[in-house]
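# A look at the structure
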Amino acid sequence: MAMAPTVDPFAVEDPSELEDWHVPVSFMKSRHSERIRAEPPPEEAWRMKDRMKTWSVALCLCLNIGVDPPDVVKTNPCARKECWIDPVSTSPQKALEQVGNNLQKQYERWQPRARYKQLLDPTTEDVRKLCIALRKSAKNERVLFHYNGHGVPKPTPNGEIWVFNKNYTQYIPLSVYDLQAWMGSPSIYIYDCSHAGLILDSFKAFARQRDSDFFGIQESPTSQMSCVGLLDNCVQMAACGAKELLPMNPHLPADLFTACLTTPIKTALLWFSQKKSGKLGLVRGVTPEVAEKVPGRLNDRRTPLGELNWIFTAITDTIAWNTLPRALFQKLFRQDLLMASLFRNFLLAERIMHSYNCTPESHPSLPPTFQHPMWQAWDLALDHIMAQLPAILDGKATYEPSQFFTQQLMAFQVWLINCSESKKPPEQLPIVLQFLLSQAHRLQALELLGRFLDLGPWAVHSALSVGIFPYVLKLLGSKLRELQPILVFIWAKILAVDTSCQSDLVKDGGHKYFIQILADHTMQYEYRTMAAFVISVIVNKNPKGQEVCLQNNVISICLEQLSEPNPVLKQWLATCLGRLWRRYDAARWCGVRDSAHEKLYSLLWDEIPDVRAAAVYALGTYSLNTSDDGHSDLATSIDHTTAMTLLNMVNDGSPIVRKEVAAALHGLILLYEKQFQIAALRNTEPERISTSNLSTSVTPTGWINVSIDPPETETSFEANSSIASSLSSRAMAPKALINGSVDHSESQNELPSYGSVDSIGSSVVSGERFLDSLPRKGPGSQSFGPAGSLSSVTSSFGMKNLYSSVWKGMVFLASDPSPEVAELAQHVVHDVHDKLRQKSHAKTIGATLVSSYSSSVPSSPSQEVGVAKAATLGAAGLRTTSHHSHIHSSASTQEFIGRGRRPEISLPIPHTKRATLLKGTPVSRRDSEDELADEQSHDLNPVETQFCDWCCKYFANSLMRQSEDCDLYSTSFQQREYRFIRNHLVRSEGRKMCEAQAKAKISDQIFVNKDSKTPQLLKFHPYRPLLAVMYKNHWSMWDVEQGNRLVMQCNSSYSTAKITTAEFINPHDITFLLTGSDDGSVHVWRDFATEAEDSKPTLVTSWRALTDMLPASRTAGMVLEWEQATGLLYAAGDVRHISVWDTHKELRIQDIPTGADSCVTCLASDSAERSLMISGCGDGTVRLYDRRQPPNSSLVQTLREHNSWIVNVHMQQHSKDRHIVSCSVGGDVRIWDPRFMKSVRSFSVHSSLNVCEIHPRASLLACASPQNAIRIYNLDSEEMLNHIRYHDGFMGQRIGPTKCLAFHPYKVLLAAGGTDGLIAIYGPERKK
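What you see is a predicted model; the values in this text were computed from it and never measured.

So, how was this worked out
Residues numbered from 1 in each chain as written. Predicted model: local features only at pLDDT ≥ 70, side-chain atom pairs only at ≥ 80, totals over all residues. Heavy atoms only, no water. Helix = DSSP H or I, 4+ residues; strand = E, 2+ residues; numbered from the N terminus. Buried < 20%, exposed > 50% of the residue type's maximum accessible area, 1.4 Å probe, protein only. Areas by Shrake-Rupley, 256 points an atom, 1.4 Å probe, with all protein chains shown as cover. Salt bridge = Lys/Arg side-chain N within 4 Å of Asp/Glu carboxyl O. Core = buried A, V, L, I, M, F, W, Y, C linked by side-chain atoms within 4.5 Å. Contact = heavy atoms within 4.5 Å. Pairing = 2+ DSSP bridges. Axes fitted to C-alpha atoms, helices over the stretch in contact; angles between N-to-C directions. Expected span 1.5 Å × (residues − 1). Phe/Tyr/Trp six-rings, centres within 6.5 Å; stacked < 30°, edge-to-face > 60°. Arc of directions from axis to C-beta. pLDDT = per-residue confidence, 0-100. Disulfide = S-S within 2.5 Å. Nonpolar A, V, L, I, M, F, W, Y, C, P; charged D, E, K, R; others polar. Parallel < 35°, antiparallel > 145°, perpendicular 65-115°, else oblique.

So, on to the overall build of the protein. If you tally the helices and strands in the protein, you get 45 helices and 41 strands. With 1328 residues in all, the protein has 59% of them scored as buried. Roughly 55,700 Å² of accessible area belongs to the protein as shown, and the carbon and sulfur atoms make up 50% of that amount.

Now the structure itself:
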């Protein structure tokens, strides 16, 4: 028989009307599907670590005007202009000077602050002196060497360029090898001459030779250091290839390459006018003369010339960013302003010179860009301006701005609408930078940029790599209110991906911008939340950021808004506070003045677990003091109040909250180490020494005395201990200790008398055995068993038991159902035990010191002082050798010395100055101060979770994108629709089976399999052919159609508790399996129905639904009732109440007293009207509760007709009468009308039975007795339909004792599991 029908997508007329769409789901938040881990730091480094500037420029012009070089035959006419000057128009010397001055002016436009030096027709010595001088003055900055060799021979293949002798009668070769040594690195070289590629090739060959020589010789001259790594640190540009001549077109300048690099707009207009002036030109009347008259200034974007320059910058940046590797783009276009400008212009030079059969070269080499599609946009912009130029020059029209940026902005918007999952950024992204410079386009550009950043971290990396950071940083100085929402959104996206920007914000005062937004109550919640997040990143582990934010009243601003209804805002306000006062006492005391802890307490019971976790984090950092002057009484009182409040959270339903509680309590344990060490000793139960033998006291001078009573002493620990009241506050030391004197008369009578030395040694050994029994870390360490009752942790919160209660709370968390919480808490507990064990080694020194005293000498006060002093000094001496310990003390709590009369070992309270070790034993002030410094030399480093860092992913992920579940064409939506149609068909088939099953037998065995373990519980999946089988501490999932087991999973590796109940969560959608154990813990699993070898079930969440489990001779463990429609989980069992858990809030919202003196054995609820709760109890009573009433008055009826343990209760919600069915171990079945105290009907099914199951929708009851038979009854007719004694088949074996039964929620199918490991499923008898 098929368990799941074939899903026909047309089986339902309108799938959107299916009821499953309206059923809520539980445990589907990101905290349930992801590990709470911080994102790894970004791999792609967008920030230039070695940003440079070019401060020195050498302009070497070898023109020799009037004399052509011997190896170049020039055309007539040919190109003559150098730097737009015709040298023939004036004397050679004057022309040379004009050319040099013009070239310098052209460079000054790009870098006006650089130091320029001209070399006009220089000699070798001139070049050497200038290069060395520029390198010396530039230090580690760049030096640019521009070489124009139009008046000298071509470079040689040997790597030589040409200069002149002093009399200009000879051409003198200058080796590039020497030029490298003079220029050093980093440098920029520009070669404007024919065969310029030869220079570039020679330069690379010489650089490689230098590197090989340097690394090949161990002791290289220091002078060669500046020449190492030239290929990496030097940039070169050559006008043409190694075998190419420069263009000689008379309409072009002779230095066309230099013109492109230094005057790109003028050169582009000249080339464009020549190209368009032909017959095919679309723009008429444009000549080179007209092109030179384009009005405006290059730095004024409102003029035609300025707009052209603006467009040119955007286009060349876009071409480079889309063509070059990211690292190369960052180096060439973002490291140095002058170099970036030259390489933008180099792209134009490549395009223009390529049209004249020249190919400019560079190092690093660039891919060809002269045919990039963006050049078409450049041509269109030139066409637009040139078409208007004649009319503008004649005064007949005004300039109409280009639509270039508007069109590119529209193209960017279209890309955002149609963007795919390819994660390839749009080519218009660099143009967005130029949009931000325009006030007219700024707001729209920022909105589009925000939409792009919302695509995910990859989009943020792309925007940062293109250079968006300095632009948005500068915009924080804007006062425009309309920019605030989008700017805070952009910055939230940036900081969610890369937190290294926090220092930039503080440096430029950008933090004030976000504080202003956060303080503005008229701003929407979303933007205030983002502002709180940005501020939390600014102050995170950033002392300067903490300081400036404290000065701007961030604490008061955050505290004022903690009562806002938006949960994400509250979460980040709490996180911001926690990060602000983390290890910053000035901020902490500012919070104390504003009663910050009291305002944060209200968040501990918020409906959202993330808010609760953030509040716990804030309180944890709030209590962690780092100052060296100790705590005041007020601070200690706040610490204690916070500790008591946090203890209430150890049983929170969310693991992230409990993990934060463990981290916060660890901070308090480190802060009050001595007190918690004593608490750990009190609450440990070793084999040799019970806690009743250990007692402590505090002397009037501020000493903690730890002692062990003789084993035969029956005095209770609590009666003997007076330390708790003294440890309730960490006050400063008594004045007598501070002043260096002690009133001996006050404490003389408190000194005990000691027994013999033998008894002292005996107690030392006992102390060793006691500490050896403490749990240890490592593979063989003692594991934490199931925790005791939680009431023992939180019942007595008096200051006397504060430290003990906190310690019990930490031990309770060490046995938490969540592995991550348990691991963290166990780390803390083991750490304290290890420190105690390390201190126990002081017993050897103590025993050695006291052994010198004669055992025959009677006890006396003076001798007692000597013994105690010896033991104390022994411990102090050993302490100095234990540098790895986090806790330093002058004597350990494990130095238990003596029997009979209790010997006492003194322990100073932390942060108290003292001048004596014991009464009557003064020491010098210097020794006291050294000892105190030794104690406080450690840092408080509590364990930290990654919750806050993980929460940053909320802003890193998309905030605008529509959920896939709402997208009709998404895979997720279609999968859900498929599941809901399948569910509808299963329910329809189930209704038909239930209607036809009035008197039919359920005897056809459709599945049977044998397992190695004994099944304890069975559970059908409502809609899939799956059967969950529970064992003691394991569970498995079976595919009943294929007949194979899909997975076997251990329920908890930290506990051996038995699974007693199970439920399917979200069965209509993505299903989870919930298991409940007899220790009160609940585990929720996903990914349990896959056959992949590398896939295994994943724990979604876990918590302790019940505490205070009561021991009994017969226990029910834990029983659960699940309501999918409300997300409520009802838990009962070996307790005297029913706990109601809201799985959406992950909170226990109610405890309903059962009113019975026995355990709850089964639960049922009225899921239709959601008002009635039914419990069956171990005393035979059936109790009804009205959930609408207050808990103490919710018990409305107690039905007492059963005389034995209730096996099952059920409410017939799908029948007319809505009766309650109950069945007991005695075999009597009773049907109740909830309105009456007496049963409506009753009948007997067995004289005794051990398991009973009632079908949720059909009037069927199945039960099994110890006599190895399964009986099936019709509840309406009270007649037995059939019984099952044997398995199917010839010679079918008799079924063994039945351990568990389960009906399918919709279909008429019965699963049975026996003690022999056989699992069988039975269905309706087939018609013959």
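That covers the picture; the talk isn't over yet.
We now examine the pattern of salt bridges. Within this structure, the stated rule accounts for 48 salt bridges. Residue lysine 953 pairs with glutamate 39 through a salt bridge whose shortest N-O separation is 3.3 Å. Here glutamate 39 lies in the loop between α1 (30-33) and β1 (54-61) and lysine 953 lies in helix α44 (residues 953-956), a separation of 914 residues in the sequence. Relative accessible area serves as the criterion here: at 16%, lysine 953 is assigned to the buried category. With its nearest N and O atoms 3.3 Å apart, the salt bridge here joins arginine 528 to glutamate 564. Of this pair, arginine 528 sits in helix α22 (residues 525-539) while glutamate 564 sits in the loop between α24 (554-560) and α25 (567-580), and the two are 36 residues apart along the sequence.

Quick look at the nonpolar core now. Counting residues in each nonpolar core, the largest one holds 254 residues, and the members touching the most others are Val127, Phe145, Trp378, Phe452, Trp491, Phe514 and Phe533. Discounting chain neighbours no more than four positions away, the residues touching phenylalanine 452 are Phe412, Trp415, Leu416, Pro425, Pro426, Leu429, Trp458, Ala459, Ser462 and Ala463. Counting 20 residues, the second-largest nonpolar core is a separate cluster that includes Leu1260, Leu1281, Phe1303 and Ala1320.

Strand order in the open sheet formed by four strands is β15-β16-β17-β18, and the pairing between neighbours is antiparallel. The two strands at the open ends of the sheet, each matched to only one other strand, are β15 (1017-1020) and β18 (1044-1050). The mean inter-strand angle of the sheet, taken between neighbouring strand axes irrespective of direction, is 20 degrees.

Moving on: helix α28 (residues 609-623). Note that an α-helix has 3.6 residues per turn; residues three or four places apart therefore point the same way. The end-to-end C-alpha distance of α28 is 21 Å, a good match for the 21 Å that 15 residues give at a rise of 1.5 Å each. For α28, the buried fraction is high: 15 of the 15 residues fall into the buried class.

With that settled, consider the packing of aromatic side chains. By the definition in use, this model includes 37 aromatic pairs. Three or more aromatic residues joined by ring pairs make a cluster, and in this case those are Phe257, Phe329, Phe333, Phe343 and Phe346.

The next thing to look at is the sheet that holds strand β38 (residues 1280-1284). Note: strands within a sheet are paired through backbone hydrogen bonds, in either parallel or antiparallel orientation. The strand order β35-β36-β37-β38 describes an open sheet built from four strands, whose pairing is antiparallel. Two strands close off the open sheet at either side, each with one partner strand: β35 (1251-1254) and β38. Strand-to-strand twist of the sheet, defined as the mean angle between neighbouring strand axes without regard to direction, takes the value 15 degrees.

Moving on: the environment of leucine 559. Within the secondary structure layout, leucine 559 lies in helix α24. Taking the C-alpha atoms as reference, leucine 559 lies 6.8 Å from alanine 596; in sequence the two are 37 residues apart. Leucine 559 has contacts with Leu577, Asp594, Ala596 and Lys599, leaving out every residue within four places of it along the chain.

A word on the side chain of serine 1175. Topologically, serine 1175 is positioned in strand β28 (residues 1172-1177). Discounting residues that sit within four places of it in the chain, serine 1175 has contacts with Ile1138, Val1160, Cys1162, Leu1163, Thr1181, Val1182, Arg1183 and Tyr1185.

In this model helix α3 (residues 124-138) runs 21 Å from its N-terminal to its C-terminal C-alpha over 15 residues, within 8% of the 21 Å that 1.5 Å per residue would give. What α3 keeps buried is the set Val127, Leu130, Cys131, Leu134, Arg135 and Ala138. For α3, the buried positions fall inside an angular range of 130 degrees around the axis, keeping them on one side. Facing away from the buried side of α3 by over 90 degrees, the exposed positions are Lys129 and Lys136. Downstream of α3 by one or two residues, lysine 139 has phi in the positive range, about 55 degrees.

Moving on, we come to the confidence of the model for the protein. Residues at a pLDDT of 70 or more form 79% of the protein, whose mean pLDDT is 81. Counted against residues more than four places away or in other chains, residues 686-694, with its pLDDT under 50, gives 29 contacts.

All right, on to the pairing of strand β37 (residues 1269-1274) then. Burial analysis of β37 places five of its six residues in the buried class, which makes it a mostly covered element. Where strand β36 (residues 1260-1265) and β37 come together, six bridges link them in antiparallel fashion. Bridge pairing in β37 places serine 1265 opposite alanine 1269. Between the end of β36 and the start of β37, which pair antiparallel, lie three residues, with asparagine 1268 showing a positive phi angle near 65 degrees. Sheet topology note: the β37/β38 ladder contains four bridges and is antiparallel.

The tally for this structure, following the rule as stated, stands at zero disulfides. For the unlinked cysteine cysteine 576, the closest cysteine sulfur is that of cysteine 558, found at 4.1 Å. Taking the relative accessible area as the measure of exposure, cysteine 576 reaches 0% and is therefore buried.

A word on unusual backbone geometry. Comment: phi is negative for the bulk of residues other than glycine, and the bulk of peptide bonds are trans. Following asparagine 76, the chain continues into proline 77 via a peptide bond in cis, with omega recorded as 0 degrees. Of note, the bond from histidine 363 into proline 364 is cis; its omega dihedral lies within 30 degrees of zero at 0 degrees. Along the chain, the position of proline 364 falls in the loop between β8 (361-363) and α13 (374-393). Its identity is not glycine, yet asparagine 553 carries a phi of approximately 60 degrees, on the positive side. Considering the arrangement of structural elements, one finds asparagine 553 in the loop between α23 (543-551) and α24. Of note, arginine 583 is a non-glycine position whose phi angle comes to about 55 degrees, a positive value. Classification of arginine 583 by relative accessible area gives partly exposed; the value is 31%.

Helix α11 (residues 326-333) packs onto helix α10 (residues 304-323) with a crossing angle of 145 degrees between their chain directions and a minimal axis gap of 8 Å. Only Arg326, Phe329 and Phe333 of α11 make contact with α10, whose side of the interface consists of Asp317, Ala320 and Trp321. Here the residues of the contact of α10 with α11 sort into four nonpolar, no polar and two charged.

A separate point is the packing of α11 against helix α12 (residues 337-354). Orientation of α11 relative to α12, taken along the N-to-C sense of each, is 115 degrees, at an axis distance of 7 Å. Taken together, α11 and α12 sit at an angle that is classed as roughly perpendicular. Packed against α11, whose contacting residues are Lys331, Leu332 and Phe333, the element α12 presents Met339, Ala340, Phe343, Arg344 and Leu347 at the interface. Of the residues contributing to the contact of α11 with α12, the split by class is six nonpolar, no polar and two charged.

A word on the environment of alanine 1168. Structurally, alanine 1168 can be placed in the loop between β27 (1160-1165) and β28. Each C-alpha atom of the pair alanine 1168 and alanine 1125 lies 9.4 Å from the other, and the pair is 43 residues apart in sequence. Residues contacting alanine 1168, with those up to four places away along its chain left out, are Gln1213 and Arg1218.

Now for the environment of leucine 61. Take leucine 61: it is sitting in strand β1. We classify leucine 61 as buried; its relative accessible area is 0%. Taking C-alpha positions, leucine 61 is 8.4 Å from leucine 96, a pair spaced 35 residues apart along the chain.

As a further point, take the side chain of serine 536. Looking at where serine 536 falls in the secondary structure, it is placed in helix α22. Once residues lying within four places of it in the same chain are set aside, the contact partners of serine 536 are Trp572, Cys576 and Arg579.

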